[in-house]
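Tertiary structure, described
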Amino acid sequence: MIYVVSACLAGVACRFDGEANPREGVIELVRQGLALPVCPEQLGGLATPRPPCELRDGRVLCREADGTLSDATDAFARGAEEGVRLARLAGCTEAILKARSPSCGCGRIYDGTFSRTLVDGDGLFAAALRKAGIAVRCDE
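To keep things clear, this report deals only with the structure shown in the data block. Because the structure is predicted, anything quoted here is derived from the model rather than measured.

Scanning the entire structure with this criterion turns up 13 salt bridges. With its nearest N and O atoms 2.6 Å apart, the salt bridge here joins Arg-85 to Glu-82. Of this pair, Arg-85 and Glu-82 both sit in helix H3 (residues 73-90), separated by three residues, roughly a single helical turn. For Arg-85, a relative accessible area of 42% puts it in the partly exposed group. For Glu-82, a relative accessible area of 26% corresponds to the partly exposed category.

Below is the structure:
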């Protein structure tokens, strides 16, 4: 089995805050050549670090430093599409993704109010992977 994994779980410093969320099990899969690390947000053209983003009503909203909200839906959608393309090219059949992310979150994501409130749903990349027939699970 080949996995597609959130790059931050593989130790890549690509989170919105420029950090990683390394998980030893995911790192070991990459070492063994059994996992493809992907950051859909970077694939979509977003910088690292970047403003925090959350999903609200199908749109990805980012809270800028001055408190205003910007819309990054197009970049997130591009990244999800490219991530799925790479996963298919690599023959991935399962995904291990970062929980709660507007890209990778699966099952529960932040609600778009930037209040740390969780709601049922998937991030754009997780949803695209599911649609492509790739099984998705989160790191938590």
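The discussion continues.
An order of E2-E1-E6-E9 is seen for the four strands of this open sheet, with the pairing classed as parallel. A single partner strand is all that each edge strand has here, and the edge strands are strand E2 (35-38) and strand E9 (135-138). Averaged over all pairs of adjacent strands, the angle between strand axes in this sheet comes to 20°, irrespective of strand direction. Across three bridges, the pairing between strand E1 (residues 3-6) and strand E6 (residues 94-97) is parallel. Each bridged residue has a counterpart across the sheet, and for Tyr-3 the counterpart in E6 is Glu-94.

Calculation criteria
Residues numbered from 1 in each chain as written. Predicted model: local features only at pLDDT ≥ 70, side-chain atom pairs only at ≥ 80, totals over all residues. Heavy atoms only, no water. Salt bridge = Lys/Arg side-chain N within 4 Å of Asp/Glu carboxyl O. Helix = DSSP H or I, 4+ residues; strand = E, 2+ residues; numbered from the N terminus. Buried < 20%, exposed > 50% of the residue type's maximum accessible area, 1.4 Å probe, protein only. Pairing = 2+ DSSP bridges. Axes fitted to C-alpha atoms, helices over the stretch in contact; angles between N-to-C directions.

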